[in-house]
Amino acid sequence: MEHGDGPVDATYRAIAGITGTKSSLQKFEVKSITGGTDALERSLLLLRGRQDCPRHGADTNIIIAAARAYLNALNKLAARKK
C-alpha cells in the first residue's frame, strides 16, 4: 500500500498495524449514495497476493466510511481462508 499523509491513510495504516495485514490498496473512490450531501460511500479494491476483494463502507464521516470499507475487505479475505 502506498502511503499518503492524510487522515484516511493514517486510518488504513493503523488498521493494517493492528491486524498485521500486508494488503495493497489498488482503487479508492468517493461516491454519494443519496441525493443529499450527507451520505458518502467509499469503494475500494484490496488485493492480497492475487485475491481481489472489492468492498464498500458508508458513513457521513469520510474517515469512518473508509475504515468500514477496509475492514469489510479484510473480513471478506479472512472468510475466504476458512
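Residues numbered from 1 in each chain as written. Predicted model: local features only at pLDDT ≥ 70, side-chain atom pairs only at ≥ 80, totals over all residues. Heavy atoms only, no water.

## Let's talk about the nonpolar core
Thinking step 1. Grouped together as the largest cluster of nonpolar side chains are 14 residues, with contacts concentrated most on Y12, I15, L44, L46, Y70, A73 and L74.
Thinking step 2. Those elements that provide at least two residues to this core are helix 1 (7–19), strand 2 (40–48) and helix 2 (62–81).
Thinking step 3. Tallying contributions element by element places helix 2 first for this core, with seven residues.
Thinking step 4. Those residues in contact with A73 that lie beyond four places of it in its chain are L44, L46, C53 and R55. (Core = buried A, V, L, I, M, F, W, Y, C linked by side-chain atoms within 4.5 Å. Buried < 20%, exposed > 50% of the residue type's maximum accessible area, 1.4 Å probe, protein only. Helix = DSSP H or I, 4+ residues; strand = E, 2+ residues; numbered from the N terminus. Contact = heavy atoms within 4.5 Å.)

## Thoughts on helix 1
Thinking step 1. For helix 1, spanning 13 residues, the distance from its first C-alpha to its last is 18 Å, which sits close to the expected 18 Å at 1.5 Å a residue.
Thinking step 2. Buried residues of helix 1: V8, D9, T11, Y12, I15 and A16, and no others. For helix 1, the buried positions fall inside an angular range of 160° around the axis, keeping them on one side. For helix 1, exposure combined with an orientation more than 90 degrees from the buried face picks out P7, G17 and I18.
Thinking step 3. Looking at the packing, one finds that the buried side of helix 1 touches strand 1 (24–32), strand 2 and helix 2.
Thinking step 4. Two residues or fewer past helix 1, G20 is found with a positive phi of approximately 70°. (Expected span 1.5 Å × (residues − 1). Arc of directions from axis to C-beta.)

## A short note on the sheet that holds strand 2
Thinking step 1. With antiparallel pairing, the three strands of this open sheet are ordered in space as 1-2-3. Both edges of this open sheet fall to strand 1 and strand 3 (51–59), since each of them pairs with a single strand only. Taking the axes of each pair of neighbouring strands and ignoring which way they run, one obtains an average angle of 15° across the sheet.
Thinking step 2. Relative to strand 3, strand 2 runs antiparallel, the two sharing nine bridges. Bridge pairing in strand 3 links R48 to Q51. (Pairing = 2+ DSSP bridges. Axes fitted to C-alpha atoms, helices over the stretch in contact; angles between N-to-C directions.)

## A closer look at the side chain of T21
Thinking step 1. Tracing the backbone through its elements, the reader meets T21 in the loop between helix 1 and strand 1.
Thinking step 2. Take T21: its relative accessible area is 15%, and that puts it in the buried class.
Thinking step 3. At a separation of 3.4 Å, a polar atom in the side chain of T21 contacts the side chain of Y70.
Thinking step 4. Excluding anything up to four places from it in sequence, T21 contacts A16, R48, Y70 and L74. (Polar contact = N/O pair within 3.5 Å; in protein donor to acceptor, adjacent residues only side chain to side chain.)

## Description of the confidence of the model for the protein
Thinking step 1. Counting all residues, the mean pLDDT for the protein is 80, and 87% of those residues have values of 70 or more.
Thinking step 2. Considering each helix and strand of the protein separately, the mean pLDDT is smallest for strand 2, with a value of 75, and largest for helix 1, with 89. (pLDDT = per-residue confidence, 0-100.)

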